[in-house]
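Each chain, written out:
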Amino acid sequence: MAKRLKVANQARCIGCYSCMLACARTWYDTISLKNSCIDIQTSGGIESAYVSIVCHACIDPPCAKVCPQGALTKRKGGGVVVHKELCNGCGNCMDACLVGAIHLDSGKKAVICRHCGVCTKFCPHDVLEMVEVEESGEPKITDTEAKESQEVLPEPQQETASPEKTEPGVEK
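Below you will find a few notes about this structure.

Quick look at helix 1 (residues 18-28)
And then number 1: Buried residues of helix 1: Cys19, Met20, Ala22, Cys23 and Ala24, and no others.
And then number 2: Packed against the buried residues of helix 1 are strand 2 (39-42), helix 4 (118-122) and strand 8 (128-133).
And then number 3: Where helix 1 terminates, the next one or two residues include Asp29, which has phi positive at roughly 55°.

Printed below as a string of structure tokens:
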């Protein structure tokens, strides 16, 4: 079963960059924020909220469509696989990414999330999580979720009619 990275609790992000560092260390053997497939940003200084920019694992990825070298191929469950040996660093994939989740590393090769989940293990506040998806990219619905969606909620109780208030001296 394919898995996809999801930003589950954005409000919990404190900008510690542990997810970014774990990603860079795992895939580039460096401790560099530039080599991370995740990007944590603030919208205006230390007092504003943080935003986690991650690949959305598009079912029909626009980044793969615009790659002239065929360096990006569709991944089961959504997203792409990067074939770095084919990447020429043109940046077309960066321009095509709807969420800005792609950048180039120091060797001018595309850096795109692999949806491996290593970042989730290092996030101390459970901002990120991995979700199971079908090979088509559709979220997998568990038996529990299916039952919950089929539960019938009780009808709301109607308020009992109260006697109408009339102004003194006005007859109905």
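Looking at the nonpolar core
And then number 1: Counting residues in hydrophobic clusters, the biggest one holds 31 residues, and the most contacted among them are Ile38 and Leu72.
And then number 2: The residues contacting Leu72, other than those within four sequence positions of it, are Cys63, Ala64, Cys67, Val80, Val81, Val82, Cys93 and Ile112.

Details of the packing of aromatic side chains
And then number 1: One pass over the full model with this rule turns up 0 aromatic pairs.
And then number 2: For the cation-ring pair, Arg114 lies above Trp27, with the distance from its terminal atom to the ring centre recorded as 4.0 Å.

A look at the pattern of salt bridges
And then number 1: Taken as a whole and judged by the stated rule, the model has 4 salt bridges.
And then number 2: Residue Asp60 is joined to Lys74 by a salt bridge in which the shortest nitrogen-to-oxygen separation is 3.6 Å. One end of the pair, Asp60, is in the loop between strand 3 (50-53) and helix 2 (62-66); the other, Lys74, is in strand 4 (residues 72-74), and 14 residues separate them in sequence.
And then number 3: Asp105 is the partner of Lys84 in a salt bridge, and the nearest nitrogen-oxygen pair spans 3.6 Å. Here the residue Lys84 occupies a position in the loop between strand 5 (80-82) and helix 3 (92-96), and Asp105 occupies one in the loop between strand 6 (103-104) and strand 7 (110-111), the gap between them amounting to 21 residues.
And then number 4: What makes Lys84 partly exposed here is its relative accessible area of 23%.
And then number 5: One connected set of salt bridges, linked through shared partners, spans Asp60, Lys65 and Lys74.

About the cut-offs
Residues numbered from 1 in each chain as written. Predicted model: local features only at pLDDT ≥ 70, side-chain atom pairs only at ≥ 80, totals over all residues. Heavy atoms only, no water. Buried < 20%, exposed > 50% of the residue type's maximum accessible area, 1.4 Å probe, protein only. Helix = DSSP H or I, 4+ residues; strand = E, 2+ residues; numbered from the N terminus. Contact = heavy atoms within 4.5 Å. Core = buried A, V, L, I, M, F, W, Y, C linked by side-chain atoms within 4.5 Å. Phe/Tyr/Trp six-rings, centres within 6.5 Å; stacked < 30°, edge-to-face > 60°. Lys NZ or Arg CZ within 6 Å of the ring centre and 35° of its normal. Salt bridge = Lys/Arg side-chain N within 4 Å of Asp/Glu carboxyl O.

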